[in-house]
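Inside the fold
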Amino acid sequence: MPTLIDRHGVREDRWVVAHGEPAVAGGRAHASGEAPAGRAHAGDPSQPAPADGDAPPLAPGTAVLVPAHAWLAQRAYWQRHDGPLGVLLAPHDDPATIAADLPRLALIAVTFPSFTDGRGYSIARLLRERHGWRGPLRAVGDVQRDQLFLLARCGFDGFALRDDQDADEALTAFDDFTEVYQAATDRRALFERRPAAEAHTAGAARADTHRSGGADAVSSAAWTSTRTTPAQPGRAPAPSKSSSPS
Amino acid sequence: MYLYDPIDQRLVDERVAQYRDQTRRFLAGRLSDADFLPLRLQNGLYLQRHAPMLRVAIPYGLLTSRQLQRLAHIARTYDRGYGHFSTRQNLQFNWPKLEQVPDILAELADVQMHAIQTSGNCIRNITTDHFAAVAPDEIVDPLVWAELLRQWSTLHPEFAFLPRKFKIAISGARDDRAATLVHDIGLQARHDDSGAIGFRVIVGGGLGRTPMVGHAIREFIAWPHLLTYLEAILRVYNRYGRRDNKYKARIKILVKDRTPQGFAAEVDEEWRHLAGGPGTLEQAELDRVAARFTRPAYRPLPATSAYIDTMRQADPAFRRWHERNVHPHRVSGYAAVTLSLKRPAMAPGDATADQMDAIAGLAQRFSFGELRVTHEQNLVFADVERDRLYELWQALRPLGLASANVGLIGNVISCPGGDFCALANAVSIPVAQAIQHRFENLDYQYDIGELDLNISGCINACGHHHIGHIGILGVDKAGEEWYQVTIGGRQGASAAIGRIIGPAISREAVPDAVESLIRVYLSGRESETERFVDFVHRVGLDPFREAVYAHAD
């Protein structure tokens, strides 16, 4: 089962995926056949359409993630479920098709069938920057440590790590870079923030002098601990990693 | 030269640390080959035929003496004492050890260099005119724009995993020396009717398996909007470019499928949302980047040098070199000079560590401690006092860097080919050397006149064979190395893709075939001003076919 993290720690995953497909379709981590996040076999659009008034056969209060194609085919049916609803987008899905549904949704997840399929990055930015999605946005599938920094910049705040990933190691990825050039979901372009960014770098450079000369001598933990976290208005100081069971 | 500020430096240092950690996890067996592959490629590391190959970025081809000395040091310490300048204005080391690459990257970062995005399906090194900032026909200084694009594209979060590699070239001059028509995006500086500066945007050009000349999808984008407009193009490509077939994944295929007009409309629709938003450039940023470039402290000098005029009369060899390898400069009394990395004894584009050190010293003495790498695999000293050209020429000769062959057949462009590259179908360098030997006589080269001969060892076209007046492509026929010959390709504002003259020929037959092509031209040209490539476009392929294949029989 994939471990769910956000940038501060491991998080409990209460969402189940409606419909027969695994949430992390194509994710190599699931070649073992182990299903992610308690799959529920309900609302498969290959089955006859539900009668008027039918509701998904799910316990009230269950948080259900509905694949976009199923959602688009039977919006009314899913909305009769008594519990939180989310939509799972595949890389080829157009986020504009669910733009009008956003007020009814509690989660959007985007699938990465392979980490080299970069379409999900554009989908995330469109959801955040064009369609105004402020709720949780989760990357699922072939999600590995070395893509987390980029995913976070594009607006993802939840990451269902591929099975073999080490959550503690993954949590260091958000500090891989302390500054960025381009505008994205998280920050404006560096040149639009220059004075503040430069003041921060001057401070960080002083912290750097505490590091020993050879980078080899510095463990990865030491490397991150000597860095300051970029100031983020409205964000609480980084809490210690929570380790809720997932 | 652009001087890093503390943030630029910090990012490059952090990239070294990130890659060191990735390498450590790979060597510890915690990153699989498949997972490590895109990570190492995005830092320029290929696993090649004999050893890894590391491609170092030389952003827009600009180098300082100190950086070249560091490259020489790396060549000696971590490699076999030489490097290869590529057609992408980069430098490749052919023999580094995978476990030492993080140390090499740290050496590079120490002199404000890196290998970021020199490979992989991401935005690659930005290339430009090798006479940038000194060309008399310049509209804008493309160096400033290329650096802005370098920063924008470096570690871009949305475009790190595109369908395929993505190459951007920018030209600031009227004459296009940056091959903007054969890049994924080509940018050509322009003034609009009001005199405002902006860029003509060409999309979907490229060489490789499906060579195409790009299409202008926008005649003018005002400079403040350059980055947001590029983001719109990249986003449309990232979302809709084909990912099912790597041979159909370049943006040129998408542009062709959608038609250039259809693609332009999609980009405009996307850009409508981005225009004026975050990333819209400001004059202050332009000024800031421009101010971080060191500029030569030119002396007031007369436009011509009586001494050099005398030496041109007195020394025919110098006259030839001056004619071919010395180029005009916008500042009175200065010239740009091409150092040829092409001579029969050496692989095109190769330079030894000792040569690099010597060149670095000469750049210090003659050209303000800076030099450029050209897409023709030569080097340029951009700011040489005309009065000192003879002295420079004399200093270059013993180093084997004074071949007076720029624009001539001896200036062969060649990829490393099958001797080094795992992708190649056939060797390139021995073919280049055989041709250079055949045409060693400079008088003969001069008689032939302007002729670009480009060689690629496979269809990926790193040797730009499609835009050579004569192009030679290595192909595999039942496990044997054969060569396909094209003629009529050309670069520049009227770029064209060469056409195949007939069946592939054996390696041994290549020099004879080239000689046959040249004989057809020499016996048929209207005058010495009609270049080989012009002649091809006038008479067509038939006379060349007859000559080459009659000869082969």
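Located above this text is the structure these notes cover.
Now for a quick tour of the structure. On a predicted model such as this, the values are computed, not experimentally measured, just so you know. (Residues numbered from 1 in each chain as written. Chains lettered and ligands numbered in written order. Predicted model: local features only at pLDDT ≥ 70, side-chain atom pairs only at ≥ 80, totals over all residues. Heavy atoms only, no water.)

1. A short note on the overall build of chain B
Each helix and strand counted, chain B has 18 helices and 21 strands in total. For a compact globule of 553 residues, the expected C-alpha radius of gyration is about 24 Å, and chain B comes in at 23 Å, within 12% of that figure. Within chain B, contacts between residues separated by at least 24 positions form 68% of all contacts whose residues are at least 6 apart in sequence. Of the roughly 19200 Å² that chain B leaves accessible, carbon and sulfur atoms contribute 50%. (Helix = DSSP H or I, 4+ residues; strand = E, 2+ residues; numbered from the N terminus. Rg over C-alpha atoms; globule rule 2.2 N^0.38 Å. Contact = heavy atoms within 4.5 Å. Areas by Shrake-Rupley, 256 points an atom, 1.4 Å probe, with all protein chains shown as cover.)

2. Things to note about the overall build of chain A
The number of helices and strands found in chain A is seven helices and eight strands. With 246 residues in all, chain A has 52% of them scored as buried. In chain A, 58% of the contacts between residues at least 6 apart in sequence involve partners at least 24 apart. For chain A, the exposed surface amounts to about 10500 Å²; the carbon and sulfur share of it is 53%. (Buried < 20%, exposed > 50% of the residue type's maximum accessible area, 1.4 Å probe, protein only.)

3. Some thoughts on the packing of helix α11 (residues 316–325) of chain B against helix α13 (residues 389–396) of chain B
All names here are of chain B. Closest axis-to-axis distance for the α11/α13 pair is 11 Å, and the angle between their directions is 100°. With respect to their mutual orientation, α11 and α13 come out roughly perpendicular. On α13, the residues that touch A317, F318, W321 and H322 of α11 are L389, Y390, W393 and L396. Of the residues belonging to the contact of α11 with α13, the class tally is seven nonpolar, one polar and no charged. (Axes fitted to C-alpha atoms, helices over the stretch in contact; angles between N-to-C directions. Parallel < 35°, antiparallel > 145°, perpendicular 65-115°, else oblique. Nonpolar A, V, L, I, M, F, W, Y, C, P; charged D, E, K, R; others polar.)

4. Topic: the side chain of E376 of chain B
All names here are of chain B. Mapped onto the elements of the fold, E376 is located in the loop between β14 (370–373) and β15 (379–385). Among buried charged residues, E376 stands out as having no salt bridge; its nearest opposite-charge side chain is K342, 6.2 Å away. Leaving out residues up to four positions away in the same chain, E376 has contacts with K342, N411, I413, D452 and Q491. (Lys, Arg positive; Asp, Glu negative; His and termini not counted. Salt bridge = Lys/Arg side-chain N within 4 Å of Asp/Glu carboxyl O.)

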